[in-house]
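One letter stands for each residue in the lines below.
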Amino acid sequence: MNNSKKKWPVVAGVIAVVLVLALIIFFAVPYVKNLADPNKKAVSAMKNAGADYTSDFSKKLNEMVEAASSGKVVNSEGYVTFDKLSINSQDYLSYLNVNTVKFNYDSDFSSGVISGTMELSKDNGDTVASVRFYSDDKTFYFKVPELTSYNFKMNYTDVADNSQTSGMADFDKEEIKALADMFKGIDSEDMKSYTKAVESLMTDILTGYNMAVAEFTYSAGDKTTYTSGEYSEDVRQYTVTITKQALLDGANAAVDAVFDDESISGYRTLITSYYKNSREKLKAAVEEKLADFKDFSIVIYVNRDEKIVAWNCQNSEDSAVIENLLNGKLNRFAWNVEADGVKLSAESISDNGDNAKVSIGISGKGIESSYRGEAKQSYKEGAQVKASEFSSAINVAELTNSQAQSVMADVFTHADLFGKLFAPSILQQLE
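Below, the structure is looked at part by part.

**What to know about the nonpolar core**
It is characteristic of soluble globular proteins that their nonpolar side chains tend to be buried jointly.
Moving on, step 1. Among the nonpolar cores identified, the biggest contains 16 residues, and Met46, Phe216, Tyr218, Val240 and Ile300 are the most heavily contacted of them.
Moving on, step 2. Put simply, the parts of the chain that give this core at least two residues each are helix 2 (40-69), helix 5 (188-215), strand 9 (231-242) and strand 10 (296-303).
Moving on, step 3. Among the elements that line this core, the one with the most residues is helix 2, at four residues.
Moving on, step 4. Listed in part, the eight residues of the second largest apolar core include Tyr226, Val235, Ala310 and Leu325.

**As for the environment of Lys380**
Moving on, step 1. Tracing the backbone shows Lys380 in strand 16 (residues 367-381).
Moving on, step 2. Given a relative accessible area of 29%, Lys380 falls into the partly exposed group.
Moving on, step 3. Through-space distance from the C-alpha of Lys380 to that of Lys72 is 5.4 Å; in sequence the pair is 308 residues apart.
Moving on, step 4. Other than its neighbours up to four places away in sequence, Lys380 contacts Lys72, Val73, Asn75 and Asp106.
Moving on, step 5. At 3.5 Å, the side chain of Lys380 forms a polar contact with the side chain of Asp106.

**Details of the packing of aromatic side chains**
Moving on, step 1. Under the definition given, this model contains twelve aromatic pairs.
Moving on, step 2. With a centroid separation of 6.2 Å and 40 degrees between ring planes, the pair formed by Phe103 and Tyr105 is classed as tilted.
Moving on, step 3. Relative to Trp335, the ring of Phe333 has its centre 5.3 Å away and its plane inclined at 50 degrees; by these criteria the two rings are tilted.
Moving on, step 4. Owing to a relative accessible area of 24%, Trp335 belongs among the partly exposed residues under this scheme.
Moving on, step 5. In textbook terms, an aromatic cluster arises when at least three aromatic residues are bridged by ring pairs, as seen for Phe133, Phe140, Phe142 and Phe152.
Moving on, step 6. Its end group placed over the ring of Phe390, Lys143 keeps NZ or CZ at 5.4 Å from the ring centre.

**Some details on the pairing of strand 16**
Here is the key point about a regular strand: its side chains alternate between the two faces of the sheet.
Moving on, step 1. Summarising the sheet, strand 1 (residues 72-87) and strand 16 pair through 15 bridges and their orientation is antiparallel. In the sheet register, Lys72 faces strand 16, and the bridge partner there is Glu381.
Moving on, step 2. Taken together, the ten bridges between strand 15 (residues 355-364) and strand 16 define a ladder with antiparallel strand orientation. Bridge pairing in strand 16 links Ser359 to Arg372.
Moving on, step 3. The hairpin formed by strand 15 and strand 16 contains two residues between the paired strands, and Lys365 there has a positive phi angle of roughly 55 degrees.

**A few points about helix 2**
Moving on, step 1. End to end, helix 2 covers 43 Å across 30 residues, agreeing with the expected 44 Å (1.5 Å per residue, within 8%).
Moving on, step 2. Within helix 2 the residues assigned to the buried category are Ala42, Val43, Ser44, Ala45, Met46, Gly50, Thr54, Ser58, Leu61, Val65, Ala67 and Ala68.
Moving on, step 3. Looking one or two residues past helix 2, Gly71 carries a phi angle of roughly 85 degrees, positive in sign.

**Concerning the pattern of salt bridges**
Moving on, step 1. Counting across every chain of the model gives 14 salt bridges.
Moving on, step 2. In this structure, Lys307 engages Asp52 in a salt bridge whose closest nitrogen and oxygen atoms are separated by 2.8 Å. Of this pair, Lys307 sits in the loop between strand 10 and strand 11 (308-314) while Asp52 sits in helix 2, placing them 255 residues apart in sequence.
Moving on, step 3. Judged by its relative accessible area of 33%, Lys307 falls in the partly exposed class.
Moving on, step 4. Two residues, Arg372 and Asp83, come together in a salt bridge whose shortest N-O distance is 2.8 Å. Of this pair, Arg372 sits in strand 16 while Asp83 sits in strand 1; the two residues are 289 residues apart in sequence, bridging distant segments of the chain.
Moving on, step 5. On the accessibility criterion, Asp83 (42% relative accessible area) is partly exposed.
Moving on, step 6. Among the charged side chains, a network of salt bridges with common partners joins Asp256, Asp260, Arg279 and Lys283.

**Thoughts on the environment of Thr127**
Moving on, step 1. Residue position: Thr127 is located in strand 5 (residues 127-135).
Moving on, step 2. Classification of Thr127 as partly exposed rests on a relative accessible area of 35%.
Moving on, step 3. Remark: the alpha-carbon pair of Thr127 and Lys102, spanning 25 residues in sequence, is separated by 8.7 Å.
Moving on, step 4. Excluding residues within four positions of it along the chain, Thr127 makes contact with Lys102, Glu119, Leu120 and Ser121.
Moving on, step 5. Within the structure, the side chain of Thr127 is placed 3.5 Å from the side chain of Lys102, a separation counted as a polar contact.
Moving on, step 6. Polar contacts involving the side chain of Thr127 include one to the side chain of Glu119, which spans 2.7 Å.

**Some details on a nonpolar patch on the surface**
Moving on, step 1. Where nonpolar side chains cluster on the molecular surface, the patch consists of Ile87, Tyr92 and Ile367 and spans about 230 Å² of accessible area.
Moving on, step 2. By the element assignment, Ile87 lies in strand 1.
Moving on, step 3. Ile87 sits in the partly exposed class, given a relative accessible area of 37%.

Reading the values: rules and limits
- Residues numbered from 1 in each chain as written.
- Predicted model: local features only at pLDDT ≥ 70, side-chain atom pairs only at ≥ 80, totals over all residues.
- Heavy atoms only, no water.
- Core = buried A, V, L, I, M, F, W, Y, C linked by side-chain atoms within 4.5 Å.
- Buried < 20%, exposed > 50% of the residue type's maximum accessible area, 1.4 Å probe, protein only.
- Helix = DSSP H or I, 4+ residues; strand = E, 2+ residues; numbered from the N terminus.
- Contact = heavy atoms within 4.5 Å.
- Polar contact = N/O pair within 3.5 Å; in protein donor to acceptor, adjacent residues only side chain to side chain.
- Phe/Tyr/Trp six-rings, centres within 6.5 Å; stacked < 30°, edge-to-face > 60°.
- Lys NZ or Arg CZ within 6 Å of the ring centre and 35° of its normal.
- Pairing = 2+ DSSP bridges.
- Expected span 1.5 Å × (residues − 1).
- Salt bridge = Lys/Arg side-chain N within 4 Å of Asp/Glu carboxyl O.
- Patch = residues over 30% accessible without salt bridge, like charges linked within 9 Å, V, L, I, M, F, W, Y side chains within 5 Å.
- Areas by Shrake-Rupley, 256 points an atom, 1.4 Å probe, with all protein chains shown as cover.

If you want it as structure tokens, here you go:
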């Protein structure tokens, strides 16, 4: 017994030492690892950014498919108010009595129909004029009830044939039509199948992104507090050098992942046979695109959760700062870009749902513009605007003289609308 009593303090001491060592190891190892590899956190943050984007994309895609499968439509509504719109010192808002565009439209992904309303008002007040529209895969229908009782339509083929937009001639309309035909008549089960294929494709691309991220070079900076307005987070700064070789390796890994992914083999065969692309051709195309690529560096700010709260990218001519900050339940996404003499500042503040407030400003090269607005999204049963509203619609591409005269006569009976839309100064110029 005496020996046992003598040994007990020794045993207790050993246990105490073990516990102390365990605690030291438990708390110290993460710091030791960061000291040994201070850039590991930056790599994880870059990978987390890719994973978060993929996850958000997948979530939105599944929500849309679920809505389409259940017969629901996606409703989007909100408004945009222009506070400034000046070009070469000419204030164009001074010509108008309205400055707000309100929108409320439904997207039916099961039928490919988008329909709704757009309204003009002053400071988001009472509606002055509105446009009701309905669009399927072939035709765009619309009417302006405050201006005329006539309905109108435009066939997309007519628009494409008559378009003089630069580059339109480069499009092969047969290819576009063939791709569109691939997705006609898709039922809910097909849509879910396509969703799984898209998710697999995103995962394959993420494989390439992660490889590229792992090959970028990193340099750890100081710990600091990143502050923007009322938002602030404790962060560590890292300089990330994006190299041409890393991008090539990542792109090749993504191509290999896509071609080795048996879950999308059917879709891959369809697309590659149509475009006559192969694994090696795609790799060669990427290499050609990156032929003149020059390595460049960006600065990222990483918080304790290994999330990037801000990206700072700049060179001698252009710059971009992108922020993704949290404040309680609100998420603030903002970006400030300056390129080719033009500055763009934008901010979006959203809750955990689908409600967001947005403000955007543009300045440079004679342009001064700023606007703000709100938007929200929800799912509901059935669309508000029906195709039946547009019976006897006039095709604007085939408007006859008789029809034009009838429309103009009807418009003149609603001439008081112009006084509500336009300032007296602009109406005097039209007289």
